[in-house]
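Here are the chains, one letter per residue:
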Amino acid sequence: MARRIVIVGPAHPLRGGGMATFNERLAQAFQDNGDEVEIVTFRLQYPSFLFPGKNQYSDEPAPEGLRIKVLINSINPISWLRTGNYIRKQRPDLVIFRYWLPFMGPALGTIARIIKKNNYSRILAITDNVVPHEKRPGDVPFTKYFLSACHGFVTMSRSVQQDLQRFEPNKPNLYLAHPLYDNFGTIETKAEACAALGLDPNYSYLLFFGFIRAYKGLDLLLQTMADARIKQRKDLKLIVAGEFYEDAAPYHKLIEELHLQEQLILRTDFIPNSEVRHYFCAADLIVQPYKHATQSGVTQVAYHFNKPMVVTNVGGLAELVPDGEVGYVVEPQPQTIADAILDFYSSGKASTFEQQIQNYKQRFSWDAFTEAIYSLAAKL
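Residues numbered from 1 in each chain as written. Predicted model: local features only at pLDDT ≥ 70, side-chain atom pairs only at ≥ 80, totals over all residues. Heavy atoms only, no water.

- An unreviewed UniProt entry lists the protein under the name Glycosyltransferase, with Pontibacter populi as the source organism.

As structure tokens, this is what we get:
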């Protein structure tokens, strides 16, 4: 039976990176199942002085075939009331909130409370983070305010599930692995990808991808590139592809101090969805040197393009990357990251990893994800 579903969270025209892409892909998955779906997104997600990037809005066309309503102003309570009443009157069967930052707690918690007044809609939250990466005043009360308005929860890492149970131990919750990002286009050859990016295909490339924030450990990877064993490989370069979401100066200073200029390809503007596949297909190995983490959509992009990974043993990263089967799980230290990179290039494991990735990634389907949400919603 078709359901009426509303997803509340980042989507076009916001340049929300992985979260906007996820919400749009989730909406498509529900529509493929015959559900009637609308995404309600932000008119203003962050006030400009709080936004860490250059631009909050996308230049790309809106995704085809999706209904997206632009309503929420995160700092305007009147918009919270309007949004809540708009959804409440529709009486959707299921409302799915994306929760990733306590700053959003007052807005999303108020909207959820208004929706619940129809005594019909079930409120489910996909909680990317419960305890944020960077702590700020108000984190705990804002998070409590939002979580208390929900009927149940989905987490995409075990560590977030544990955090959630400290706040809401008695409400239904379900761990689901982050589904595959299969909406960035088809696989292309390394030569084609390098041509699109203006890179020399004769080099070997590592890839650090995504918004650059302190917890993602780019500084560790830069120190890795300074390892004498890595420096000896004149054919190896690191592509850093993603916008700085913090001060770039310390990174540039580290690059100069370590004399890494010739080893790096810096593409530190926002990477539009249309270019994502070029970066992954140009790379031999995707490196996620995070210092702490919950889950990462980068992993699921790498799986889509059959790319081996090096991830650090923090948060939920190791849950999705079996060590020695599809890549490496190492401690967040430059030497251990370097050890994995060197083993990859010296051991000839690339083809074995790729074959095993093609089998392993089958478990990350959107059909399995939506079916699990239907089952959880039936219990709310």
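Read on, since the account is not over.
1. Describing the packing of aromatic side chains
Item 1. As enumerated under the stated definition, the model contains 21 aromatic pairs in all.
Item 2. Taking the centre distance of 5.5 Å and the plane angle of 45 degrees together, the rings of Phe244 and Tyr251 count as tilted.
Item 3. A relative accessible area of 13% means that Phe244 is categorised as buried.
Item 4. The class of Tyr251 is buried, set by a relative accessible area of 8%.
Item 5. Lying over the aromatic face of Tyr145, Arg113 brings its terminal NZ or CZ to 4.0 Å of the ring centre. (Phe/Tyr/Trp six-rings, centres within 6.5 Å; stacked < 30°, edge-to-face > 60°. Buried < 20%, exposed > 50% of the residue type's maximum accessible area, 1.4 Å probe, protein only. Lys NZ or Arg CZ within 6 Å of the ring centre and 35° of its normal.)

2. Quick word on the pairing of strand β2 (residues 36-44)
Item 1. Counting buried positions over the nine residues of β2 gives seven, a clear majority of the element.
Item 2. As judged from the five bridges shared by strand β1 (residues 4-8) and β2, these two strands associate in the parallel manner. Looking at β2, one finds that Val6 is bridged to Glu38.
Item 3. As judged from the five bridges shared by β2 and strand β3 (residues 68-73), these two strands associate in the parallel manner. Residue pairing for β3: Phe42 is matched across the bridge by Ile72. (Helix = DSSP H or I, 4+ residues; strand = E, 2+ residues; numbered from the N terminus. Pairing = 2+ DSSP bridges.)

3. Observations regarding the side chain of His151
Item 1. Examined against the element boundaries, His151 turns out to sit in the loop between α4 (139-147) and β6 (152-155).
Item 2. Exposure remark for His151: the relative accessible area of 18% places this residue in the buried category.
Item 3. A distance of 2.8 Å separates a polar atom in the side chain of His151 from the backbone nitrogen of Ile123.
Item 4. Ignoring any residue separated from it by four or fewer positions in sequence, one finds His151 in contact with Lys116, Ser121, Arg122, Ile123, Lys171, Pro172 and Leu380. (Polar contact = N/O pair within 3.5 Å; in protein donor to acceptor, adjacent residues only side chain to side chain. Contact = heavy atoms within 4.5 Å.)

4. Some remarks on the pairing of strand β11 (residues 285-288)
Item 1. Neither face of β11 is exposed, since Leu285 and Val287 on one face and Ile286 and Gln288 on the opposite face are all buried.
Item 2. In the sheet, strand β8 (residues 204-209) pairs with β11 via two bridges, with the strands oriented parallel. Within the sheet, the bridge partner assigned to Leu207 lies in β11 and is Ile286.
Item 3. Across three bridges, β11 lies against strand β12 (residues 309-312) in parallel orientation. The partner of Gln288 across the bridge, within β12, is Val311.

5. Describing the sheet that holds β12
Item 1. Strands sit in the order β10-β9-β8-β11-β12-β13 across an open sheet of six strands; the sheet is parallel. Only two strands of the sheet have a single partner each, and these edge strands are β10 (264-267) and β13 (327-330). Neighbour-to-neighbour, the strand axes of the sheet open up by a mean angle of 20 degrees, direction not taken into account.
Item 2. Note that strand β9 (residues 236-241) and β10 share four bridges and pair parallel. Within β10, the position partnered with Ile239 by the bridge is Ile265.
Item 3. Strand contacts of helix α11 (residues 297-304): β8, β11 and β12, with the helix running at about 170 degrees to β11, the strand carrying the most contacts. (Axes fitted to C-alpha atoms, helices over the stretch in contact; angles between N-to-C directions.)

6. As for α4
Item 1. Along α4, the positions that sit buried rather than exposed are Asp139, Thr143, Phe146 and Leu147. Down the axis of α4, the buried side of the element spans an arc of 95 degrees, and every buried residue falls inside it.
Item 2. Lining the buried residues of α4 we find β4 (94-99), α3 (105-116), β5 (122-127), β6 and α5 (158-167). (Arc of directions from axis to C-beta.)

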